[in-house]
Amino acid sequence: MRRCRLFLFLILPILVTWASAVPPQSPNETQQAALKSKSPLIKWTKERETTLLAKAQQGDADSQMWLASAYEQGWFGKANFPAALKWYRKSAEQGNPDAQNELGRMYEHGEGVAQNYALAAKWYRKAAEQVPDLGGAGQGRNNLGMLYLDGHGVPRDYMQAYKWFRLAGFDSSNPNLSDAAVHMTPEQIAEAERLAEQWNTQHPQPNGRTFQQR
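What comes next concerns the included structure. Since we're looking at a predicted model, the values are computed, not measured. (Residues numbered from 1 in each chain as written. Predicted model: local features only at pLDDT ≥ 70, side-chain atom pairs only at ≥ 80, totals over all residues. Heavy atoms only, no water.)

**Section: the pattern of salt bridges**
At step 1: What the rule picks out here adds up to six salt bridges.
At step 2: Across the salt bridge formed by Glu193 and Arg166, the nearest N and O atoms sit 3.0 Å from each other. On the criterion of sequence distance, the pair formed by Glu193 in helix α11 (residues 186–202) and Arg166 in helix α9 (residues 158–167) is long-range, its members being 27 residues apart.
At step 3: Judged by its relative accessible area of 23%, Glu193 falls in the partly exposed class.
At step 4: A salt bridge links Arg194 to Glu191, with the shortest nitrogen-to-oxygen separation between them at 2.8 Å. Taken as a pair, Arg194 and Glu191 lie in helix α11 at a separation of three residues, close to a single helical turn.
At step 5: For Glu191, a relative accessible area of 28% corresponds to the partly exposed category. (Salt bridge = Lys/Arg side-chain N within 4 Å of Asp/Glu carboxyl O. Helix = DSSP H or I, 4+ residues; strand = E, 2+ residues; numbered from the N terminus. Buried < 20%, exposed > 50% of the residue type's maximum accessible area, 1.4 Å probe, protein only.)

Next up, the structure:
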């Protein structure tokens, strides 16, 4: 019911065409769907791995993120979680919000590393605080809200959960909002709304939009 990851899904033929044709770039919200599809149809060549690896080793954060995604999903043939973790971390440390969110997720679920909710919360928060939100920030906000909802890695706090769900970029359509709200009084919901608006005011989008206008 809850723990909605808020991913969009693409039709497989479109996804496969995109994955084979589009060069690595910073992923937006639609590209996040490709990262999460886990489609066995997506296979990247050894040549692409070599090209990505060279750019990643030169410090390109986007290439590091894509390389990590490919290793995690097995796009080069077989999943390699330790390599995925390594490159997600390198990209995340350079401030890539998609990599920060993915690194948090690997810590949350213990993929290629010992499960650690505190570190998951740390990296989700780093992604969540990114402005503008190009996709990874919204995912980080939603995932951080889930940790607050369950008290994993952070104290259980329904108002904080509600706030981050509210800021995730899906407005009242975020299905996780109701899972936080059911534990809250009307006064607490109003305070959480105030906290979300306060955060939004303190972190303005370059185009002037707010979380309420998305």
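Next comes the rest of the write-up.
**Let's talk about the packing of helix α4 (residues 61–73) against helix α5 (residues 81–93)**
At step 1: In the contact formed by α4 and α5, the axes pass within 8 Å of each other and the chain directions differ by 160°. By the angle between their directions, the pair α4 and α5 is classed as roughly antiparallel. The way α4 lies across α5 gives a crossing that is left-handed. Residues Ala61, Gln64, Met65, Leu67, Ala68, Ser69, Tyr71 and Glu72 of α4 form the contact with α5, whose own contacting residues are Phe81, Ala83, Ala84, Trp87, Tyr88, Lys90 and Ser91.
At step 2: For the contact of α4 with α5, the residue count by class is ten nonpolar, three polar and two charged. (Axes fitted to C-alpha atoms, helices over the stretch in contact; angles between N-to-C directions. Parallel < 35°, antiparallel > 145°, perpendicular 65-115°, else oblique. Left-handed = near helix turned anticlockwise from the far one by under 90°. Contact = heavy atoms within 4.5 Å. Nonpolar A, V, L, I, M, F, W, Y, C, P; charged D, E, K, R; others polar.)

**What about the packing of aromatic side chains?**
At step 1: Considering all chains together, one arrives at five aromatic pairs under this definition.
At step 2: Three or more aromatic residues link up through ring pairs in this structure, and these residues are Trp44, Trp66, Tyr71, Trp75 and Phe76.
At step 3: When the ring centre of Trp87 is taken as reference, the NZ or CZ atom of Lys90 above it lies at 5.9 Å.
At step 4: One cation-aromatic arrangement involves Lys126 over Trp123; the distance from NZ or CZ to the ring centre is 5.7 Å. (Phe/Tyr/Trp six-rings, centres within 6.5 Å; stacked < 30°, edge-to-face > 60°. Lys NZ or Arg CZ within 6 Å of the ring centre and 35° of its normal.)

**Focus: α9**
Every α-helical turn comprises 3.6 residues, leaving residues that sit three or four positions apart pointing alike.
At step 1: When you tally the buried positions in α9, you get eight out of ten residues, the bulk of the element.
At step 2: Considered for burial, the residues of α9 that qualify are Gln160, Ala161, Tyr162, Lys163, Trp164, Phe165, Arg166 and Leu167.
At step 3: Contact partners of the buried residues in α9: α7 (117–128), α8 (136–150), α10 (176–181) and α11.
At step 4: The N-cap of α9, judged by a side-chain oxygen 3.1 Å from the amide nitrogen of Met159 a few residues on, is Asp157.
At step 5: Two residues or fewer after α9 comes Gly169, characterised by a positive phi angle close to 100°. (Polar contact = N/O pair within 3.5 Å; in protein donor to acceptor, adjacent residues only side chain to side chain.)

**Here's the deal with the environment of Ser178**
At step 1: Following the sequence through the fold, Ser178 ends up in helix α10.
At step 2: Classification of Ser178 by relative accessible area gives partly exposed; the value is 47%.
At step 3: Sequence separation between Ser178 and Phe165 is 13 residues; the distance between their C-alpha atoms is 9.7 Å.

**Here we look at the environment of Lys78**
At step 1: The topology assignment puts Lys78 in the loop between α4 and α5.
At step 2: When its relative accessible area of 71% is taken as the criterion, Lys78 is described as exposed.

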